[in-house]
Amino acid sequence: MRDLIESIRGEYERYKALGEGAVAQVRDAELSQPGPNGGNSLAVICWHLSGNLKSRFTDFLTSDGEKPWRDREAEFDDRAVSRAEFLATWEEGWRVLLAALDGLTDANLNDTITIRGHAHTVHEALHRSVAHAAYHVGQMVYVAKGLRGDAWQSLSIPRGQSQSYVPRGPRG
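This one's a predicted model, so the numbers in the text were calculated from it and none came from an experiment.

Another point: the packing of helix α2 (residues 42-57) against helix α4 (residues 83-102). Interhelical geometry of α2 versus α4 gives an angle of 25 degrees and a closest axis separation of 8 Å. Of the possible angle classes, the one that applies to α2 and α4 is roughly parallel. Read as a crossing pair, α2 and α4 show a hand that is left-handed. The residues of α4 that touch α2, namely those facing Leu42, Ala43, Cys46, Trp47, Leu49, Ser50, Leu53, Lys54 and Phe57, are Glu85, Phe86, Thr89, Trp90, Glu92, Gly93, Trp94, Val96, Leu97 and Ala100. Taken together, the residues of the contact of α2 with α4 sort by class into 13 nonpolar, three polar and three charged.

The following block contains the structure:
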């Protein structure tokens, strides 16, 4: 049975799509431009999220989620990247995550894994990771929206259009 795993996967995929929608709206040079007040660029956020996903989900059930080969500090280094480099790094992290999810069933949710030497159930680790991904994708949307200004195209219900999304009918 994979009902819960598929639900969690759906949330990851939703955030992946939001990040991609934000990145699609920026110019190539803007991928490396710092965020507001010297904050992280889209490239820095991408490198960090990808590094986290690769570390946590490589050998997910059998090794500590903080791999010795990960250089977390370097993920936050300023970098100038091409769109191709950005997208390759982005996809690499998500590919590792989604492959790990493919190997799970709902029966694995109470298994125990470790992250930085601390025990977590699989469901705790997955919820923690979804929240981490959502946090950073939200940052990406914020940075991209700031970079695009008036040219920004909403990734959800555009401001002033909420009424057109009100459910109609008996199931309301």
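Given a rise of 1.5 Å per residue, 16 residues ought to cover 22 Å, and the 22 Å separating the end C-alpha atoms of α2 matches this to within 8%. Among the 16 residues in α2, 16 count as buried, and that is most of the element. Directly beyond the C-terminal end of α2, a positive phi value near 50 degrees is found at Asp59.

Once that is clear, we can look at helix α5 (residues 122-148). Residues spaced three or four apart along an α-helix point in a common direction, a consequence of the helix completing one turn every 3.6 residues. Spanning 27 residues, α5 covers 38 Å between terminal C-alpha atoms, matching the ideal 39 Å at 1.5 Å per step. Trailing α5 by a residue or two, Gly149 shows a phi angle of about 60 degrees, which is positive.

In total, this model carries 15 salt bridges according to the counting rule given. Across the pair Asp102 and Arg9 runs a salt bridge whose closest N-O atoms are separated by 2.7 Å. Here the residue Asp102 occupies a position in helix α4, and Arg9 occupies one in helix α1 (residues 3-24), the gap between them amounting to 93 residues. Look at Arg9 and you get buried, because its relative accessible area is 14%. For the salt bridge of Arg14 with Glu11, the shortest nitrogen-to-oxygen distance reads 2.7 Å. Taken together, the positions of Arg14 and Glu11, both in helix α1 and three residues apart, correspond to about one turn of that helix. With relative accessibility at 30%, the residue Glu11 sits in the partly exposed group.

As paired elements, strand β1 (residues 112-115) and strand β2 (residues 118-121) share four bridges and run antiparallel to each other. Across the sheet, residue Ile115 finds its bridge partner in β2, namely His118. The turn joining β1 and β2, which pair antiparallel and follow one another in sequence, is formed by two residues; a positive phi near 55 degrees is taken by Arg116.

What follows covers the nonpolar core. The biggest cluster of nonpolar side chains holds 42 residues, and the ones touching the most others in it are Tyr12, Leu42, Phe57, Phe60, Phe86 and Leu126. Elements that contribute at least two residues to this core include exactly α1, α2, α4, β1 and α5. Setting aside its immediate chain neighbours within four residues, Phe57 contacts Tyr12, Val96, Leu97, Ala100, Leu126 and Ser129.

Right, let's talk about the packing of aromatic side chains for a bit. All chains considered together, the criterion is met by four aromatic pairs. For the ring pair Tyr12 and Phe57, a centre distance of 6.4 Å and an interplane angle of 85 degrees mean the geometry is edge-to-face. Within this pair, whereas Tyr12 is found in helix α1, its partner Phe57 is found in helix α2, the two being separated by 45 residues in sequence. Here Tyr12 matches Phe57 in class, with each residue buried. A network of ring pairs unites the aromatic residues Tyr12, Phe57, Phe60, Trp90 and Trp94 as a single cluster.

With respect to the helices and strands, Lys67 occurs in the loop between α2 and α3 (72-75). One buried charged residue, Lys67, forms no salt bridge at all, with the nearest opposite charge on Asp59 at 6.0 Å. Reaching out from Lys67, the side chain makes a polar contact with the backbone oxygen of Ser55 at a distance of 2.5 Å. Within polar-contact distance, the side chain of Lys67 engages the backbone oxygen of Asp64 at 2.7 Å. Ignoring any residue separated from it by four or fewer positions in sequence, one finds Lys67 in contact with Ser55, Arg56 and Thr58.

What counts and what doesn't
Residues numbered from 1 in each chain as written. Predicted model: local features only at pLDDT ≥ 70, side-chain atom pairs only at ≥ 80, totals over all residues. Heavy atoms only, no water. Axes fitted to C-alpha atoms, helices over the stretch in contact; angles between N-to-C directions. Helix = DSSP H or I, 4+ residues; strand = E, 2+ residues; numbered from the N terminus. Parallel < 35°, antiparallel > 145°, perpendicular 65-115°, else oblique. Left-handed = near helix turned anticlockwise from the far one by under 90°. Contact = heavy atoms within 4.5 Å. Nonpolar A, V, L, I, M, F, W, Y, C, P; charged D, E, K, R; others polar. Expected span 1.5 Å × (residues − 1). Buried < 20%, exposed > 50% of the residue type's maximum accessible area, 1.4 Å probe, protein only. Salt bridge = Lys/Arg side-chain N within 4 Å of Asp/Glu carboxyl O. Pairing = 2+ DSSP bridges. Core = buried A, V, L, I, M, F, W, Y, C linked by side-chain atoms within 4.5 Å. Phe/Tyr/Trp six-rings, centres within 6.5 Å; stacked < 30°, edge-to-face > 60°. Lys, Arg positive; Asp, Glu negative; His and termini not counted. Polar contact = N/O pair within 3.5 Å; in protein donor to acceptor, adjacent residues only side chain to side chain.

From the geometry alone we can't say anything about function, so treat these as descriptive.
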